[in-house]
Amino acid sequence: MRKRKGLAAAVAVACSLAVVAPPTASAAPALPSGYSLVDLPSGHAGRDLSDFVFLPDGGYVTSSKRGELVSFSATGESRRLGTLPTASTSTYSDRVALAVPPDFTAKPRLYVSRPISEFVVRVSEVPLVNGQSLGQERTITETLPSYKPTPWSDLAVGDDGTLWLTTSRKALNDPAAPQDLTSRLMRFTPDGKGLPGNPFHVPENPTAQRSLVYTDLGGMDGDRNYIALGLSMVVAGSRGVHHIVPGQHTSTPLLRNGSGGGVAFYGGLTYSMAQWGRTFIADDDKLLTTLVRAPGGTSEQPVQFASGLGRIVALESATSNGDLVLADEISGKLRRLVHGPRNTEPVAQVRTTTDPVTRTVTVDASGTRDDHDPLSALRFRWDLGTGRDIDGAVATHTYSSGDKVDALLTVTDSSGATGGARFVIKPDAAEPKVTLTQVPERDTFALDERIPLAANGNGLPVQWTRQINSCRWRDCRNNTPSPVTDLVYDRQGITEQLVFTATVTDAHGRVAKSASFTAKPKLSTITVAPSAPALTHFGTAVASRSQRGIVGAQTTATTAATGFDKGWTFERWSNGSTERQISLQFTEADQVLTSQYRSAIDNHHPGVRDLLGEPVGAEQARHEDFNYDSDHIRFRVYERGRLYWSASTGVHVLRGALLSYYVRSGDYDLSIGVPSGEEYQAPDGSGVYQRFRVRYSDQTTTLRAPLNGAIFAVRGTIDKAWARSGYETGQLGHPLGNTVSCAVGNCFYQVFSKDAWITPEHGGHWIKGAILATWRSLGAQGGQLQAPSTDELSTPDGVGRFNHFDGFGNEDSIYWTPRTGAHGVSGAIRSVWSKTGWEVGSLGYPVTSELSAPDGLGRFNHFEKGGSVYWTPGTGAHPVYGAIKDRWKALGWERSYLGYPTSEEFDIPGGRRSNFQGGYITWTAATGEVRDFRN
């Protein structure tokens, strides 16, 4: 069942509470052949029903979104227990979840989880006072504030009394959680303390939120996540269905689509046998079914079983016979899914009492049971050989003679199934009797242990029968008794019980039975306590750190090869075995074994102690990280330094001035990173360096400690650019300081020893020498060219050097040669230059940066081969060359009557021509004549 909340099923009963019918009706149910729905009252109006839970006496309790609790007895009487204040707004996401502790009969109370404010869930224990009202609430825990208003939760209780809670979305201001934490599954005691087996338990603070966390639900970040506890662990939510593996950030997905209505295991006998052991999942108005296997096995993809069931907000497997019961939010009713054709007949039980003096015989069938529906109204009919039938569970008749009578009891249930029992009546003879003369002092036994039972048949031979009862999920299945000669406990199932009964048969064929003795398994627990957070499997079951078993039985425990964060490697068990899988036997006393893991830091070269000295503290996790992922950091402090580890970088030494700077930086794991290499001496002897990788990114950092003691950090994209240049032995040399803010604008850069800067924009690029000087004269990052978009590169002709820039969305460049110097060329002028063939084309290298024309309207660059490119907003950019350019210059450039060029130079018959705003200039090839003309 989903929550292991109770022990008995609910049936269709009369209800004295008025239930308001919702205005909207759901689609007609589509059920498999032979199945039908039986509606049960909830005591709440449509759209208000939240959850329900079965009680051990066959009754049940329901909750509304407003916190109102209503109880129903097994015979149908209803009672409003009271209301718990909630932050409910009657939306589908509100939840007042219920659970019943395993010792409810001895101490009647409920566990409740509900929103008490817009962002906080409270889990509390609420007593039931005489079964009629709610007592004083006791708070067990309250979740940290959630990002989701009116947070949603589900609550379950294990057979050991452990509480399980799901919460929706991640928490606000949670120091135990990084930003990617989503929904959680939490496990804790009724005192609000996390169990020591929880992966993130803090012994000195067991009530802290991280101590309660069993696993992060990862990809199940959604509104509704339901818990199913049983032979496996499944969480079904509005983002899918997952098979939970303890302590892992992710889980095994069974279904990725929404399934936000509940989940339950089916272990009953009334449905078709194909459904036994399957998991049922509620998805809005549908029921899906799948077979969930332990990690390593293949689980089936869920398939639809039924639809048109309203809007399911809770799902249970009724403990009386395993039938599924769902809560329909639309109608406000509970709906039990029954399988009519497989109804089993009642099992008749007859007890006779004979007074041989008066020959009065009383027959009693009150022990008759109906395994299909324990609360069914049974009809009894007796044939006592009197010539007429007698109705009722108990009947009495006085016979006129002592002759033997063959009698018959017929029992019919409410569905028409009939069972019966034949028995013998001898009115003038006392009943045979058999009594137990020896009964064990205890009722629990180890595997293959003999059970010291003895009986006296008063002269009649004693025979023994044994009945195997399966009590899975607190529901005991009563199987048919069978004869047995050896009174031995030979069953290994921890949920099984053996009922032994002595019987005698007298000469008249009458059978007498003794009181029965129920032998239960003597259980003990084997717990694995890994020295580092790691998975453990017992047998083929879902990952767990403990297993219950019958004393004397065998099991296997398998521990993971590495810890969750891969920084721990299995070394040995505390019993000395070095095999990851070991065979174990359950003993009288509980056992605790340690799977010992050796950390990567401990595995570091032993010579490290010569360098760092002895350790001065235990290995630590940086920030006590919640997640054990590729960016998890661990470190250990030594007398003269530290060792740091992460899965992606391995183990590295950090010491001296670099260590001091690293620790002083605060959140060094995010700002500097994890050491990814060892400290090394600069080739020129000017200091030491060490490389780092930044968490949660692909960024790197290099720290430099010069001899003068100052420490410089080269970070992120600047560090990547420096790496491309060859680090300190490359084109840029070593850093001369930390990053510097620009004089103008929101930007920064870093200066290196070989007359170079690196800027972080566009992935980080370096610029140096004459190009750097020109760029700075043009305003650097705050100027027209803005930041470089390439490193300094060689030109294709092998003569020059250049950087490209991304100035205000334009493509800009600075080109340099030894003979021309460094000059910037931008925008439309640069585009025209590129079309001429760049530096190997008709213009050659620029010999000026872009300049303003004397008239203040245009812009221009002059180029090495005598040409120029002029631009205005009205004319665009156009080149002008040679003799045509010389005539234009002689006329006064753009201030002449010609104005600016409006075309490139082009062929005409016998020569070349360029057009201008006020005319054109021609050149004749044969004579070299140059003439200018007005338009």
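Everything numeric in this text was worked out from a predicted model, so none of it was measured. (Residues numbered from 1 in each chain as written. Predicted model: local features only at pLDDT ≥ 70, side-chain atom pairs only at ≥ 80, totals over all residues. Heavy atoms only, no water.)

Things to note about the pattern of salt bridges
In this structure the tally under the stated criterion is 41 salt bridges. The partner of Arg66 in a salt bridge is Glu68, and the shortest N-O contact between them spans 3.7 Å. For the salt bridge of Glu679 with Arg655, the shortest nitrogen-to-oxygen distance reads 3.8 Å. In this pair, Glu679 sits in the loop between β56 (674–675) and β57 (680–681) while Arg655 sits in the loop between β55 (650–654) and α3 (656–664), placing the two residues 24 residues apart along the sequence. (Salt bridge = Lys/Arg side-chain N within 4 Å of Asp/Glu carboxyl O. Helix = DSSP H or I, 4+ residues; strand = E, 2+ residues; numbered from the N terminus.)

Here we look at the nonpolar core
The biggest cluster of nonpolar side chains holds 36 residues, and the ones touching the most others in it are Ile451, Phe500 and Ala519. Elements with a minimum of two residues in this core: β37 (463–470), β41 (496–505), β43 (517–521), β44 (523–528), β48 (568–573) and β49 (581–585). In terms of residue count, β41 provides more of this core than any other element does, 4 residues in total. Residues contacting Phe500, with those up to four places away along its chain left out, are Ile451, Leu453, Trp464, Thr465, Arg466, Val484, Leu487, Val488, Ala515, Ser516, Phe517 and Ala519. Counting 18 residues, the second largest nonpolar core, distinct from the first, contains Leu40, Phe72, Leu288 and Val325. (Core = buried A, V, L, I, M, F, W, Y, C linked by side-chain atoms within 4.5 Å. Buried < 20%, exposed > 50% of the residue type's maximum accessible area, 1.4 Å probe, protein only. Contact = heavy atoms within 4.5 Å.)

Comments concerning the sheet that holds strand β22 (residues 303–306)
Ordered by their spatial adjacency, 4 strands build an open sheet running β19-β20-β21-β22, and the pairing between neighbours is antiparallel. Strands with a single pairing partner mark the edges of an open sheet, and in this sheet they are β19 (262–265) and β22. Strand-to-strand, the axes of this sheet are offset by a mean angle of 30°, without reference to chain direction. The pairing of β19 with strand β20 (residues 279–283) spans 4 bridges and is antiparallel. Residue Val263 lies in a different strand from β20, and its bridge partner there is Ile281. (Pairing = 2+ DSSP bridges. Axes fitted to C-alpha atoms, helices over the stretch in contact; angles between N-to-C directions.)

Observations concerning the packing of aromatic side chains
Summed over the entire model, instances satisfying the criterion amount to 33 aromatic pairs. Ring plane angle 85° and centroid distance 4.8 Å describe the contact between Tyr870 and Trp888, whose orientation is recorded as edge-to-face. Residue Tyr870 is located in strand β71 (residues 868–872), and its partner Trp888 is located in helix α8 (residues 882–891); the two are separated by 18 residues in the primary sequence. When its relative accessible area of 3% is taken as the criterion, Tyr870 is described as buried. Judged by relative accessible area, Trp888 falls into the buried class, the value being 0%. Site record: aromatic cluster; members linked through ring pairs are Phe802, Tyr815, Trp833, Trp838, Tyr845 and Phe863. The side chain of Arg913 reaches across the aromatic face of Tyr920, ending 3.7 Å from its centre. Sitting over the ring of Tyr897, Arg934 keeps its end group 4.1 Å from the ring centre. (Phe/Tyr/Trp six-rings, centres within 6.5 Å; stacked < 30°, edge-to-face > 60°. Lys NZ or Arg CZ within 6 Å of the ring centre and 35° of its normal.)

Focus: the pairing of strand β2 (residues 49–54)
Along β2, 6 of the 6 residues are buried, which leaves the element largely enclosed by surrounding structure. Direction of pairing for β2 relative to strand β3 (residues 60–64): antiparallel, over a ladder of 5 bridges. When the bridges of β3 are listed, Val53 appears paired with Val61. A loop of 5 residues connects β2 with β3, the two strands running antiparallel in sequence, and Gly58 in this loop sits at a positive phi of about 100°.

So, the side chain of His652
One can find His652 in strand β55. For His652, a relative accessible area of 12% puts it in the buried group. A distance of 3.4 Å separates the side chain of His652 from the backbone oxygen of Ser676, its partner in a polar contact. Looking at His652, its side chain comes within polar contact range of the side chain of Glu678, at 3.0 Å. Every residue in contact with His652, bar those within four places of it in the chain, is listed here: Arg642, Leu643, Tyr644, Pro675, Ser676, Gly677 and Glu678. (Polar contact = N/O pair within 3.5 Å; in protein donor to acceptor, adjacent residues only side chain to side chain.)

Here we look at the state of the cysteines
If you walk through the whole model with that rule in mind, you get 1 disulfide. Each disulfide pairs two cysteine sulfurs, and for Cys742 the partner residue is Cys747, the sulfurs being separated by 2.1 Å. Because the sign of the S-S torsion sets the handedness, a value of about -135° for the bond joining Cys742 and Cys747 places this disulfide among the left-handed ones. Looking at Cys747, the relative accessible area reads 11%, which means it is buried. (Disulfide = S-S within 2.5 Å.)

Quick look at the sheet that holds strand β26 (residues 351–355)
With respect to topology, 3 strands assemble into an open sheet ordered β26-β27-β30, the strand pairing being antiparallel. Taken across any chain shown, the strands that pair with only one partner, and hence form the sheet edges, are β26 and β30 (394–398). Averaged over all pairs of adjacent strands, the angle between their axes in this sheet comes to 15°, without regard to strand direction. Across 5 bridges, the pairing between strand β27 (residues 360–364) and β30 is antiparallel. Across the sheet, Thr360 pairs through a bridge with Thr398, a residue of β30.

Describing the environment of Arg859
Topologically, Arg859 is positioned in strand β70 (residues 859–862). Its relative accessible area of 21% is what places Arg859 among the partly exposed residues. Beyond its immediate chain neighbours, meaning those up to four positions away, Arg859 contacts Gln784, Ile829, Glu850, Leu851, Ser852, Ala853, Val869, Tyr870 and Trp871. Only 2.9 Å separates the side chain of Arg859 from the side chain of Glu850, close enough to count as a polar contact.

Remarks on the pairing of β37
Examined bridge by bridge, β37 and β41 share 8 bridges and lie antiparallel to one another. The residue bridging Gln463 from the neighbouring strand is Thr503, located in β41. Inspection of the sheet shows β37 paired to strand β39 (residues 482–484) by 3 bridges, in the antiparallel sense. Considered in β39, the bridge of Thr465 is made with Pro483.

Considering the confidence of the model for the protein chain
Here the protein chain averages 83 in pLDDT, while 83% of its residues score no lower than 70. Counting interchain partners and residues more than four positions distant, the pLDDT-below-50 stretch residues 1–26 has 117 contacts. Counting contacts from residues 624–630, a segment whose pLDDT is below 50, to residues more than four positions away or on other chains yields 28 contacts. (pLDDT = per-residue confidence, 0-100.)

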